[in-house]
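Residue-level listing of the chains:
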Amino acid sequence: WIGDAQELVNNENHVEWLAARKPELEWNYWDRYRQHILPDIGLEPTTKLDGITDRILSHIEDPQREGAWDRRGLVVGHVQSGKTANYTGLICKAADAGYKIIIVLAGIHKNLRSQTQIRVEEGFLGYDNNRRPDEGFRAVGVGNINPDPSLRPDSVTNRADDGDFNTVLQNLINWAKWAHTAVDQETGRESVAGIPLLVIDDEADHASVDTKDGAFDEDGQPDPEHDPSRINKLIRRLLKLFQQKAYVGYTATPFANIFIHEQAETKEEGPDLFPSSFIISLPAPSDY
């Protein structure tokens, strides 16, 4: 581990990639998001957001890197201090860099999930996905800045209270199993290869933490047959299905996350959600 008061990074088996690729990338999603937020928050906060989202992006992984990889990190921010703006910016840059599937876990309450959907539509998708087929395309937010049809990511959720997946994570897992592109010849395990996944876990300290006893045996060794609590189990099973994946938790109260045992692992779910790759603390805004 290396780091200072605001950043802890595990560089083992990780190669800095963003600096090398940045000049060649077209930052279309990020550029229109920057234009979208600039009038509201001003130049200095926008510049700071640009810098810190670069740092976070560089700590996950180059989505073009071949082979299996797994990066897990934690971003700690103050309450109501711009975490949603931060991960919306990260989503834009991740899409520009080549991440193909981006999942936002937005807490357990419908109204908060709907609010997050609206923010992501305005900052990334560029359109309102809650419309009848006869209503056609309705641009919102960044979609009014750059209406290029090639910058319209597919979205399977919308801003209605019931506009997410029902039994969300299990349906995602079922879809990933259906979409698998590789099968391990020894174990028969299905996985998705060549489609890099980014999971953003808002309120990562809440339902995502395994709260069940019994993750370790009497000798302190991880129990491969342990049955984690439901949300933790499903997130880990989803991640295990992808050969190339990054998980970034966001929270203002990181205590539960940093006390996840770094060696906790089960046969069906794989490693627990300990932020083994990096922990970054967001600076509070000047008007906080």
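Everything below is about the structure shown above.
What comes next concerns the included structure. (Residues numbered from 1 in each chain as written. Predicted model: local features only at pLDDT ≥ 70, side-chain atom pairs only at ≥ 80, totals over all residues. Heavy atoms only, no water.)

1. Some words on the overall build of the protein chain
Then, number 1: Looking only at helices and strands, one finds eight helices and 11 strands in the protein chain.
Then, number 2: When each of the 288 residues of the protein chain is scored for burial, the buried share is 48%.
Then, number 3: Across the protein chain, every contact between residues at least 6 apart in sequence was considered, and the portion connecting residues at least 24 apart equals 75%.
Then, number 4: As displayed, the protein chain has an accessible area near 14900 Å², and 49% of this comes from carbon and sulfur atoms. (Helix = DSSP H or I, 4+ residues; strand = E, 2+ residues; numbered from the N terminus. Buried < 20%, exposed > 50% of the residue type's maximum accessible area, 1.4 Å probe, protein only. Contact = heavy atoms within 4.5 Å. Areas by Shrake-Rupley, 256 points an atom, 1.4 Å probe, with all protein chains shown as cover.)

2. As for a nonpolar patch on the surface
Then, number 1: On the surface, Phe-255, Ile-258 and Phe-259 cluster together into a nonpolar patch covering about 380 Å² of accessible area.
Then, number 2: Relative to the helices and strands, Phe-255 resides in helix α8 (residues 255-258).
Then, number 3: Given a relative accessible area of 56%, Phe-255 falls into the exposed group. (Patch = residues over 30% accessible without salt bridge, like charges linked within 9 Å, V, L, I, M, F, W, Y side chains within 5 Å. Salt bridge = Lys/Arg side-chain N within 4 Å of Asp/Glu carboxyl O.)

3. Considerations on the pattern of salt bridges
Then, number 1: A complete count under the given rule lists 14 salt bridges for this structure.
Then, number 2: For Arg-21, the salt bridge is made with Asp-62, and the minimal N-O distance between the two is 2.7 Å. Remark: Asp-62 occurs in the loop between α3 (43-59) and β3 (69-76) and Arg-21 occurs in helix α1 (residues 18-21); sequence separation between them is 41 residues. Like Arg-21, the residue Asp-62 is buried in the burial classification.
Then, number 3: In this structure, Arg-72 and Asp-70 form a salt bridge, with 2.8 Å as the shortest nitrogen-oxygen distance.

4. Some details on helix α2 (residues 28-41)
Then, number 1: In this model α2 runs 20 Å from its N-terminal to its C-terminal C-alpha over 14 residues, within 8% of the 20 Å that 1.5 Å per residue would give.
Then, number 2: Residues of α2 that are buried include every one of Tyr-29, Trp-30, Arg-32, Tyr-33 and Ile-37, and no others.
Then, number 3: Looking at the buried side of α2, the elements it contacts are α3, α4 (83-97) and α5 (110-125).
Then, number 4: Gly-42 sits one or two residues past α2 and shows a positive phi near 95°. (Expected span 1.5 Å × (residues − 1).)

5. Describing the side chain of Thr-53
Then, number 1: Checked against the element boundaries, Thr-53 lands in helix α3.
Then, number 2: In terms of polar contacts, Thr-53 uses its side chain to reach the backbone carbonyl oxygen of Asp-50, at 3.1 Å.
Then, number 3: Excluding anything up to four places from it in sequence, Thr-53 contacts Trp-30, Asn-86, Gly-89, Leu-90 and Lys-93. (Polar contact = N/O pair within 3.5 Å; in protein donor to acceptor, adjacent residues only side chain to side chain.)

6. Section: the packing of α4 against α5
Then, number 1: For the pair α4 and α5, the least separation of the axes is 10 Å and the interaxial angle reads 45°. One way to sum up the angle between α4 and α5 is to call them oblique. Our pair here, α4 against α5, has a crossing hand that is right-handed. Of the residues in α5, those touching α4 at Thr-84, Ala-85, Tyr-87, Thr-88, Ile-91, Cys-92 and Ala-95 are Thr-116, Arg-119, Gly-123 and Phe-124.
Then, number 2: In terms of residue class, the contact of α4 with α5 is made up of six nonpolar, four polar and one charged. (Axes fitted to C-alpha atoms, helices over the stretch in contact; angles between N-to-C directions. Parallel < 35°, antiparallel > 145°, perpendicular 65-115°, else oblique. Left-handed = near helix turned anticlockwise from the far one by under 90°. Nonpolar A, V, L, I, M, F, W, Y, C, P; charged D, E, K, R; others polar.)

7. Looking at the packing of aromatic side chains
Then, number 1: Within this structure, the stated rule accounts for four aromatic pairs.
Then, number 2: Aromatic side chains Tyr-29 and Phe-124 sit 5.1 Å apart centroid to centroid with 50° between the ring planes, which places their arrangement in the tilted category. Of this pair, Tyr-29 sits in helix α2 while Phe-124 sits in helix α5, and the two are 95 residues apart along the sequence. Phe-124 carries the same exposure label as Tyr-29, and that label is buried.
Then, number 3: An angle of 80° between the planes, with centres 6.1 Å apart, marks the rings of Trp-69 and Tyr-99 as edge-to-face. Here Trp-69 is found in strand β3, whereas its partner Tyr-99 is found in the loop between α4 and β4 (101-105), with 30 residues between them in sequence. Taken individually, Trp-69 and Tyr-99 each receive the classification buried, so the pair is uniform in this respect. (Phe/Tyr/Trp six-rings, centres within 6.5 Å; stacked < 30°, edge-to-face > 60°.)

8. Quick notes on the pairing of strand β11 (residues 278-281)
Then, number 1: Where strand β2 (residues 7-9) lies against β11, three bridges are found, and the strand directions are antiparallel. Paired with Val-9 across the strands is Phe-278, a residue of β11. (Pairing = 2+ DSSP bridges.)

9. Comments concerning the environment of Val-192
Then, number 1: Within the element layout of this structure, Val-192 appears in the loop between β6 (190-191) and β7 (197-202).
Then, number 2: Here the alpha-carbon distance between Val-192 and Leu-239, two residues 47 residues apart in the chain, equals 10.0 Å.
Then, number 3: Residues within four places of Val-192 in sequence aside, it is in contact with Ala-176, Ala-179, His-180, Thr-181, Leu-241, Phe-242 and Gln-243.

10. Describing the packing of α3 against α4
Then, number 1: Orientation of α3 relative to α4, taken along the N-to-C sense of each, is 60°, at an axis distance of 9 Å. Classified by the angle their axes make, α3 and α4 are oblique. Here the hand of the crossing between α3 and α4 comes out right-handed. Across the interface between the two elements, Leu-49, Asp-50, Ile-52, Thr-53, Asp-54, Ile-56 and Leu-57 from α3 touch Ala-85, Asn-86, Gly-89, Leu-90, Lys-93 and Ala-94 from α4.
Then, number 2: The class makeup of the residues in the contact of α3 with α4 is seven nonpolar, three polar and three charged.

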